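# Structural characterization, general
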Amino acid sequence: MTTGTGTVITYREAMKQAIREALASDPRVFVMGEDVGKYGGCYAVTKGLLDEFGEERIRDTPLSESAFVGAGVGAAVAGMRPIVEIMTVNFSLLAADQIVNSAATLSHMSGGQFHVPLVIRMATGAGRQLAAQHSHSLECWYAHVPGLRVVEPATIDDARGVLRPALACPDPVLIFEPNSLYNMEGELTGAAATADLSTARVRREGKDVTLVTYGASLWRCMAAAEQLAAGGVEAEVVDLRSLRPLDDATILASVRRTRRVVIVDEGWRTGGLAAEVAMRVVEQGFYDLDAPIGRVCSEEVPIPYPKHLEDAALPSVERIVTAVRRTMGDAE
Amino acid sequence: MNELPAGITRERGLHLLTEMLRIRQFEGRCAELYSAGRIRGFLHLYDGEEAVAVGVMQVLGKGDSIVSTYREHGHAIARGIAMGPLMAELYGKRTGCSGGRGGSMHIFDAATRFYGGNAIVGGGLPLAVGIGLAEKMRGGRGVAACFFGEGAAAEGEFHESLNLAALWKLPVLFLCENNLYAMGTALARSESQTDIHAKAAAYGVRAVAVDGMDVFAVEAATHGAADFARAGKGPTLIEFRTYRFRAHSMFDAQLYRDKAEVEEWRRHGPVISLTTRLKAAGLMTEDDFQRIQGEADAEVKAAVDFAEQSEWEPVEDLTRHVYAEVSAP
Ligand SMILES: Cc1ncc(C[n+]2csc(CCOP(=O)(O)OP(=O)(O)O)c2C)c(N)n1
């Protein structure tokens, strides 16, 4: 893969390069979704691709999420390699039937005769004051479903690298892109070539506590770890990258080293991914723990519009630091 | 240009123009406040489509209900929601008409039966069907008026809602604001049948298409639909042919359409066409126009002052309103 190691690009550009590479290298690959062509994508990820690859392969769809996602399932079953873009996870609910009842089940229901090598990309997350119908993090709903693979690249390398294994995979893969990261810049390190669909990564090493997270919250955890380090607490940060399957081995290995864990998840707390990760730690590492597991999730409220309330609803650096201190046994 | 309909008085003409200018001036200020960072999130302006909201609202009474989209400031103002609480909502202040929780895309007002700006395209149509159903089951005379863009006609919810409303003969007005673009997607790039009203025939829904730039034509068509619904005959779909003069939202470079096309539509926009016709008929002078615009500006200024001076909701209230704070009525 030509990943341009050493160059500084945005997350958006990293995704675009990956899509362009896929289109150029495999004639079965095509892109479809609302405003992906003429408009250039609602987050400008596909900007310019229409001119480069033409209308056959960069297909603007009507506002018909159920139909075009379902058409992606059908095209994939029939031998194509569609990359379907849904503007945001909130709108994916109009296509949830096709994702959960068709994409996730065809392989199983057909006794393994049919496969759905489909990639669905969608933006996720809050932070831009878009209120209660554009800001949610519903990844865990899809991570609940056997038959789907769910990834969430949080770094430039992963954004650049994850599409290739996703397209090579015979199963449906959902790629979640935190909309607050599209403008993030970073250097391509060559790690893009090693991106996969099933492993977590330790993004920062530390001996005192493990922060398990994914998506945009990775960067909040990294900032919290810096603050904690100034106070003498060395936090290890694990980026899940894959939400289904979860990489238990990497999580547990870290917890065994630090003996303490705080999980940071932009989804709501009740029934969320943080609960799943915590339970796995309990099942497999209960006796390695020196303190109760902590969680920092979004408050149980639809995301409100005003900035101060939106900020208060989301996991913040401050809330992460406080949760870690509690886990370390500091008096509040 | 269309003639003024017979019997239009000076008073009537000025009233309609006033309503349109109130929306226009309000939103002009919104655009500035967005650039200044006072309004955040997504902001979708109605510039060019004012005749639809104003014409429709002339027909709807207190007992009727409205379901709208994220492009709903015009509907809200024409419905009679006061500008102060509306602007405060755009700021996210607690005095906003949705308590500040919704912002520009989610205007709600129980007093005027304004059931919200819905920001899921097509999401409002089933709600309107349900409101119409409730009205019918309780034996009321109210109608449910539902605004949506032509882009929504591609969603399954559009088709399912039309069928259901027709099947049960519900008092629903499906009000399609066809401004030719769904974000950056031109109508012909997204619909095999570009006459939106033609789709209604498949469901046995009464349908008409009218010039959405002509406030009188809008009003007349809405009258017909409301009378039909109140007589228990069921829903109507009205396709209003209109145009949005500005970007889809504040983040749109508009690379998908020609400036010349926009200019052409502006030339027969709703405000300019009514103004020209009223003047030509001798019903209005330039002084009248200036006075009306000045009064609208003053109303907008007072609304901005109100929003600026209003308080933020305390953070301790974050999880309020997730569940009802009253017992079921
Ligand atoms: C289900 C859904 N899909 C996509 C979007 C993103 N989106 C918001 S407005 C819009 C265009 C809608 O066009 P139209 O219905 O014609 O209304 P207009 O904005 O022109 O008033 C799109 C694609 C959304 N809000 N909801």
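Residues numbered from 1 in each chain as written. Chains lettered and ligands numbered in written order. Predicted model: local features only at pLDDT ≥ 70, side-chain atom pairs only at ≥ 80, totals over all residues. Heavy atoms only, no water.

## As for the sheet that holds strand β6 (residues 149-151) of chain A
Picture the strands of a sheet paired through backbone hydrogen bonds; they go either parallel or antiparallel. All names here are of chain A. Cut-off, in case you're wondering: Being paired, for any two strands, means DSSP has found at least two bridges between them. Helix numbering and strand numbering both begin at the N terminus, where a helix is a DSSP run of H or I of at least 4 residues and a strand a DSSP run of E of at least 2. Here an axis means a line fitted to C-alpha atoms, over the contact stretch when the element is a helix, while the angle between two N-to-C directions is reported on a 0 to 180 degree scale.
Strand order across the open sheet formed by seven strands is β3-β2-β4-β5-β7-β6-β12, with mixed pairing between neighbours. Of all the strands in the sheet, the pair left with one neighbour each is β3 (58-60) and β12 (242-244). Averaged over all pairs of adjacent strands, the angle between their axes in this sheet comes to 20°, without regard to strand direction. For β6 and strand β7 (residues 173-178), the ladder comprises three bridges, and the chain directions are parallel. Residue pairing for β7: Val151 is matched across the bridge by Ile175.

## Some thoughts on helix α2 (residues 50-59) of chain B
For clarity, the cut-off: Whether a residue is buried, partly exposed or exposed follows from its accessible area with a 1.4 Å probe, protein chains only, as a fraction of its type maximum: under 20%, in between, or over 50%, in that order.
Most of α2 of chain B is tucked away, with nine of its ten residues classed as buried. Burial in α2 of chain B covers these residues: Glu50, Ala51, Val52, Ala53, Val54, Gly55, Val56, Met57 and Val59 of chain B.

## A closer look at the site of the ligand
For the record, the criterion: A single heavy atom is enough: if one lies within 4 Å of a molecule or strand, its residue is considered near that molecule or strand. In protein, a polar contact requires one atom able to donate a hydrogen and another able to accept it; more generally it is a pair of N or O atoms within 3.5 Å, and residues adjacent in sequence count only if both atoms are side-chain atoms. The accessible surface values rely on the Shrake-Rupley method and a 1.4 Å probe; as for residues, cover is taken only from the protein chains in view. As a working rule, the residues Ala, Val, Leu, Ile, Met, Phe, Trp, Tyr, Cys and Pro are called nonpolar, Asp, Glu, Lys and Arg charged, and the rest polar, with Gly in that last group.
Neighbouring the ligand are 22 residues, the closest being Glu65 of chain A together with Tyr70, Arg71, Ala119 and Gly151 of chain B. Two or more chains meet at the ligand, and those chains are chains A and B. One of the backbone N or O atoms of Val121 of chain B is found 3.0 Å from a nitrogen atom in the ligand. The contact in question runs from an oxygen atom of the ligand to an N or O atom on the side chain of Asn179 of chain B, over 2.9 Å. Computed on the free molecule, the ligand has an accessible area of 580 Å², of which 96% lies beneath the protein chains in the complex. Class assignment for the residues of the shell around the ligand results in twelve nonpolar, five polar and five charged.

## What about the pattern of salt bridges?
Short version of the rule: For this analysis, a salt bridge means a side-chain nitrogen from Lys or Arg found within 4 Å of a carboxyl oxygen belonging to Asp or Glu.
For the structure shown, the criterion picks out 48 salt bridges over all chains. Residue Glu55 of chain A pairs with Arg189 of chain B through a salt bridge whose shortest N-O separation is 3.2 Å. One end of the pair, Glu55 of chain A, is in the loop between α2 (49-53) and β3; the other, Arg189 of chain B, is in the loop between β6 (185-186) and α7 (196-201), on a second chain. Residue Arg291 of chain B pairs with Glu295 of chain B through a salt bridge whose shortest N-O separation is 3.6 Å. Of the two residues, Arg291 of chain B and Glu295 of chain B both sit in helix α11 (residues 286-309), four residues apart, roughly one turn of that helix. For Arg291 of chain B, a relative accessible area of 39% puts it in the partly exposed group. One connected set of salt bridges, linked through shared partners, spans Asp158, Asp196, Arg203, Asp239 and Arg241 of chain A.

## Topic: the environment of Ala226 of chain B
Residues and elements named next belong to chain B. The condition that has to hold: Only heavy atoms matter for contacts: two residues are in contact if any of them lie within 4.5 Å across the pair.
Relative to the helices and strands, Ala226 resides in helix α8 (residues 215-230). Taking relative accessible area as the criterion, Ala226 reaches 1% and is therefore assigned buried. Sequence separation of Ala226 and Val300 is 74 residues, and the distance between their C-alpha atoms is 31 Å. With near-sequence residues (within four places) excluded, Ala226 lies in contact with Val59, Val143 and Leu173.

## Structural notes on the packing of aromatic side chains
Filter applied, for reference: Stacked, tilted and edge-to-face are the three classes applied to pairs of Phe, Tyr and Trp rings, where Trp contributes its six-membered ring and a pair requires centres within 6.5 Å; stacked means planes under 30 degrees apart, edge-to-face means over 60, and tilted covers the rest. By definition here, charges over rings are those cases where NZ of Lys or CZ of Arg is within 6 Å of the ring centre and within 35 degrees of the ring normal.
Under the definition given, this model contains twelve aromatic pairs over all chains. Taking 6.4 Å as the distance between ring centres and 90° as the angle between the ring planes, the aromatic pair formed by Tyr34 of chain B and Phe251 of chain B counts as edge-to-face. In this pair, Tyr34 of chain B is assigned in helix α1 (residues 10-35) and Phe251 of chain B in the loop between β8 (236-241) and α9 (259-267), connecting sequence segments 217 residues apart. Ring pairing ties together the aromatic residues Tyr39 of chain A together with Tyr181, Tyr243, Phe245, Tyr256 and Trp265 of chain B, which thus form one cluster. Positioned above the aromatic ring of Trp312 of chain B is the side chain of Lys93 of chain B, whose terminal nitrogen or guanidinium carbon lies 4.8 Å from the ring centre.

## A few points about the interface of chain B and chain A
Just so we agree on the cut-off: Buried area: the accessible surface (1.4 Å probe) lost by two parts on joining, summed over both.
Counting from both sides, the interface comprises 39 residues of chain B and, opposite them, 32 residues of chain A. Both faces considered, chain B and chain A share a buried interface measuring about 3,100 Å² in area, 63% of it formed by carbon and sulfur atoms. Here chain B and chain A share two salt bridges between them. With three residues, the single largest contributor to the side of chain B that touches chain A is helix α4 (residues 83-91) of chain B. A class-by-class count of the residues in the side of chain B that touches chain A yields 19 nonpolar, twelve polar and eight charged.

## Side note on the pairing of strand β11 (residues 235-239) of chain A
All names here are of chain A. Our working definition: Orienting the strands away from the viewer, one traces the path from the first strand over the helix to the second; a clockwise path indicates a right-handed crossover.
With respect to burial, β11 is a largely interior element, five of its five residues being buried. Burial of β11 is two-sided: the residues Ala235, Val237 and Asp239 facing one way and the residues Glu236 and Val238 facing the other way are all buried. Two strands pair when backbone bridges link them, and strand β9 (residues 201-204) and β11 are joined in this way by three bridges, in the antiparallel orientation. Of the residues in β11, the one forming a bridge with Arg204 is Val237. One ladder, built from five bridges, connects strand β10 (residues 209-213) with β11; its direction is parallel. Bridge pairing in β11 links Leu211 to Val237. Since β10 and β11 lie parallel, the crossover through helix α10 (residues 217-230) that links them has a hand, and here it is right-handed.

## So, the nonpolar core
Test applied: Here, nonpolar core means buried Ala, Val, Leu, Ile, Met, Phe, Trp, Tyr and Cys residues that are tied together by side-chain atoms lying within 4.5 Å of each other.
Leu17, Phe26, Ile39, Met87, Leu173 and Leu274 of chain B are the most contacted members of the largest nonpolar core, which has 67 residues in total. When residues of this core are assigned to their parent elements, the largest contribution, eleven residues, is made by α1 of chain B. Grouped together as the second largest cluster of nonpolar side chains are 60 residues, Tyr11, Ile175, Leu181 and Ala224 of chain A included.

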